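Here is what each chain is made of, one letter per residue.
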Amino acid sequence: MNSLETRLRIGLALTLVLLLGLFWIIGGQALHSMTESFVQSRLEHDAEGLLAGMLMEPGEVEVQWRRANQFYSQPLSGHYYVIRFDDGHVLRSRSLWDHPFEIPQLAAGETRRSLVPGPSGQRLLLLLNGYSKQGRSFTLGVAEDMTPIYRQKERFVAWFAVLALGGLLALLLVQHIVVRRSLGRLQRVRDDIRRLEQGQVVELSEDAPTEVLPLVQEFNRLLHL
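The rules behind the values
Residues numbered from 1 in each chain as written. Predicted model: local features only at pLDDT ≥ 70, side-chain atom pairs only at ≥ 80, totals over all residues. Heavy atoms only, no water. Helix = DSSP H or I, 4+ residues; strand = E, 2+ residues; numbered from the N terminus. Rg over C-alpha atoms; globule rule 2.2 N^0.38 Å. Buried < 20%, exposed > 50% of the residue type's maximum accessible area, 1.4 Å probe, protein only. Contact = heavy atoms within 4.5 Å. Areas by Shrake-Rupley, 256 points an atom, 1.4 Å probe, with all protein chains shown as cover. Lys, Arg positive; Asp, Glu negative; His and termini not counted. Charge placed at Lys NZ, Arg CZ, Asp CG, Glu CD. Salt bridge = Lys/Arg side-chain N within 4 Å of Asp/Glu carboxyl O. Phe/Tyr/Trp six-rings, centres within 6.5 Å; stacked < 30°, edge-to-face > 60°. Lys NZ or Arg CZ within 6 Å of the ring centre and 35° of its normal. Pairing = 2+ DSSP bridges. Axes fitted to C-alpha atoms, helices over the stretch in contact; angles between N-to-C directions.

**Q** I keep staring at the overall build of the chain and nothing clicks. Help me out?
**A** Helices and strands together make up the secondary structure of the chain, namely three helices and seven strands. The N-to-C order of helical and strand elements in the chain reads α-β-β-β-β-β-β-β-α-α. In terms of C-alpha radius of gyration, the chain reaches 34 Å, well past the compact-globule figure of 17 Å for 225 residues. Of all 225 residues assigned to the chain, the portion counted as buried reaches 30%. Sequence separation of 24 or more characterises 45% of the internal contacts of the chain that already satisfy a separation of 6 or more. Total accessible area on the chain stands at roughly 14,600 Å², and carbon and sulfur atoms take up 59% of it. Both charge centroids of the chain, one from 24 positive and one from 24 negative side chains, sit 5 Å from each other.

What follows is the structure, encoded as structure tokens:
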């Protein structure tokens, strides 16, 4: 590959592809992290509401439904909670319907976040917190279906890919024009050499790109020896 123009085109094209690919990967990871952090903050708020709405009487534990988000009462709504006490007693949101949903027992103050399968193929972001209240230890798990958010993210990534490809093609076209015009000035040197060979000029014009000007000047010096 001796063509300088070809080398420049390939080098610039690879650089553009790598930069756009890197931006795509980093942007996708940042978007994923941002969406999960946003949902986690919402789950933390719901967990605080459920914790405040827990009624713990001797021999009876319940969550006052007025203190809980209405989505926790709608079957398979995508919003769920499970409260597991250290004695094995479990409270579950009505939204879980008959779907089994097991959570581990955590120590008070311990927190975990994970993605787990949910009802009807849902992908749930599960936030677990260990608590101790009125002498009883329990783990509160709140979860939200991430499927709609992931679908929106996938659409965004697909549109970004289309726009990035269009932008890449446009940049490659601009690059082609710039490289062609830049190297076009070398054609003048070639034309001067042809006219010099035909006796039309006695030296090469020094109106040449900076990169080849020293070569032109040295060539002219040799002509005058």
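**Q** Looking at this structure, how should I read the environment of Ile-149?
**A** The topology assignment puts Ile-149 in helix H2 (residues 147-197). As a C-alpha pair, Ile-149 and Ala-170 span 21 residues in sequence and 31 Å in three-dimensional space. Beyond its immediate stretch of four places on either side in the chain, Ile-149 contacts Thr-35, Val-39 and Arg-42.

**Q** What exactly am I supposed to notice about the pattern of salt bridges here?
**A** Two side chains that carry opposite charge are able to pair once their charged atoms sit near each other. With the rule as written, the count across this model stands at four salt bridges. Notably, a salt bridge pairs Glu-144 with Arg-42, separated by 2.4 Å at the nearest N-O pair. Of the two residues, Glu-144 sits in strand S7 (residues 136-145) while Arg-42 sits in helix H1 (residues 4-52), which places them 102 residues apart along the sequence. Between Arg-112 and Glu-110 there is a salt bridge whose closest N-O contact spans 3.3 Å.

**Q** Even after reading the chapter, I still don't get the packing of aromatic side chains, so can you show me in this structure?
**A** Each aromatic ring pair is described using two quantities: the centre-to-centre distance and the angle formed by the ring planes. Tallying each qualifying case throughout the model produces four aromatic pairs. Aromatic side chains Phe-23 and Phe-160 sit 5.6 Å apart centroid to centroid with 45° between the ring planes, which places their arrangement in the tilted category. Of the two residues, Phe-23 sits in helix H1 while Phe-160 sits in helix H2, which places them 137 residues apart along the sequence. Relative to Tyr-81, the ring of Tyr-72 lies with its centre 5.4 Å away and its plane at 65°, an arrangement referred to as edge-to-face. Exposure class is identical for Tyr-72 and Tyr-81. Each is buried. Taken together through their ring pairs, the aromatic side chains of Phe-85, Tyr-131 and Phe-138 make up a single cluster. Looking at Arg-136, its charged tip hangs above the ring of Phe-85, at a distance of 4.5 Å from the centre.

**Q** Got a minute to help me understand the pairing of strand S1 (residues 54-57) in this structure?
**A** The two faces of the sheet receive side chains in turn, since in a regular strand these alternate between them. Residue alternation in S1 divides its side chains into a buried set, Met-54 and Met-56, and an unburied set, Leu-55 and Glu-57. Pairing between S1 and strand S2 (residues 60-63): four bridges, direction antiparallel. When the bridges of S2 are listed, Leu-55 appears paired with Glu-62.

**Q** Just to check I follow, could you spell out the sheet that holds strand S3 (residues 79-85) for this structure?
**A** As a general point, the strands of a sheet are linked pairwise by backbone hydrogen bonds and lie either parallel or antiparallel. If you walk across this open sheet you meet the five strands as S4-S3-S7-S6-S5, and the pairing is antiparallel. At either margin of the open sheet sits one strand with a lone partner, and together these are strand S4 (90-92) and strand S5 (111-117). Neighbour-to-neighbour, the strand axes of this sheet turn through a mean angle of 20°, independent of strand direction. Pairing of S3 with S7 involves seven bridges; the strand directions are antiparallel. Counterpart to Val-82 in the pairing with S7 is Gly-141.

**Q** Mind showing me how you'd approach the side chain of Ser-95 here?
**A** In this structure, Ser-95 sits in the loop between S4 and S5. In contact with Ser-95, other than residues within four places in its own chain, are Phe-71, Tyr-72, Ser-73, Gln-74, Pro-75, Leu-76, Ser-77, His-79 and Tyr-80.

**Q** Sorry, what's going on with the environment of Gly-27 here?
**A** By the element assignment, Gly-27 lies in helix H1. Taking the C-alpha atoms as reference points, Gly-27 and Val-157, 130 residues apart in sequence, are found 9.1 Å from one another.

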